[in-house]
Amino acid sequence: MLRLYDFLDSGNGYKVRLALRTLGIPFELVECDILKGETRTPDFLKRNPNGRIPTLELEDGSFLAESNAIAWYLAEGTDLAPASRLDRARTLQWMFFEQYSHEPYVAVLRAWKHVGFGLTPDREKQVPEKLAKGNAALAVMEQHLARQPWFVGGRFGLADIALFAYTHVAHEGGFDMKPYPAIRGWIDRIAAMPRHVPITWKPAKAA
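Keep in mind the model is a prediction, meaning the values are calculated, not measured.

**Thoughts on the environment of leucine 58**
Part 1: Position of leucine 58 among the secondary structure elements: in the loop between β3 (55–57) and β4 (63–65).
Part 2: What makes leucine 58 buried here is its relative accessible area of 13%.
Part 3: C-alpha of leucine 58 to C-alpha of leucine 74: the two residues are 16 residues apart in sequence and 11 Å apart in space.
Part 4: If near-sequence neighbours (up to four positions away) are discounted, leucine 58 is found in contact with Leu2 and Tyr73.

If you want it as structure tokens, here you go:
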């Protein structure tokens, strides 16, 4: 069985958990408290030298890191990964956008204000810029979703999972979502899907 090392409040980890749940793949969850440095221990660093979650242990005992890489690995050959070459590239385009233009602002503000990393005086100075850049990313998403219900190929897929993870909790970082009706509608569509689970969800432990 797959074993996922994760921190429940992490949107990056949630991408993987949501993909696993959507695909109906069983897995064991090993919770690691990043606030207590549990991913910086010598034991964990043997699994992922970068000391980050999520980290997925595969059936053969090898490890895979980086949330979008893990999600792509899990989705390969399933309905979550587009069949056409162009749609696969467009999916990667949005996943790269999420990590470069979205996560550094939307996720970081949430980490500071909600998860427990705290707002130091230096971080307080960075808040206006992160809000501005996060809102710029949300505006790009809003424009796209105003024209179509999903990010790629007219159907729910990996790009949606990657962007949903931190977007649906953006308000926890201080983002006002009222100006983004298309995003809010998209969030509602994902939340209504049959296998959807919240960010706090974890699989039941085996008896």
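**A few points about the pairing of strand β2 (residues 27–31)**
Part 1: With 5 bridges connecting them, strand β1 (residues 2–6) and β2 associate as parallel partners. Each bridged residue has a counterpart across the sheet, and for tyrosine 5 the counterpart in β2 is valine 30.
Part 2: For the crossover from β1 across helix α1 (residues 11–23) to β2, the handedness is right-handed.

**What about the packing of aromatic side chains?**
Part 1: One pass over the structure, following the stated rule, counts 9 aromatic pairs.
Part 2: When the ring of tryptophan 94 is compared with that of phenylalanine 151, the centres are 4.7 Å apart and the planes differ by 65°; the resulting orientation is edge-to-face. With tryptophan 94 in helix α4 (residues 85–115) and phenylalanine 151 in the loop between α5 (121–145) and α6 (158–167), the pair connects residues that are 57 residues apart, well separated along the chain. The exposure classification of tryptophan 94 matches that of phenylalanine 151, with both residues buried.
Part 3: Taken together, the ring pairs connect Tyr14, Trp94, Phe97, Phe151, Phe164 and Trp186 into an aromatic cluster.
Part 4: Cation over ring: arginine 189 sits above tryptophan 150, and NZ or CZ is 5.4 Å from the ring centre.

Calculation notes
- Residues numbered from 1 in each chain as written.
- Predicted model: local features only at pLDDT ≥ 70, side-chain atom pairs only at ≥ 80, totals over all residues.
- Heavy atoms only, no water.
- Helix = DSSP H or I, 4+ residues; strand = E, 2+ residues; numbered from the N terminus.
- Buried < 20%, exposed > 50% of the residue type's maximum accessible area, 1.4 Å probe, protein only.
- Contact = heavy atoms within 4.5 Å.
- Pairing = 2+ DSSP bridges.
- Right-handed = clockwise from strand over helix to strand, strands pointing away.
- Phe/Tyr/Trp six-rings, centres within 6.5 Å; stacked < 30°, edge-to-face > 60°.
- Lys NZ or Arg CZ within 6 Å of the ring centre and 35° of its normal.

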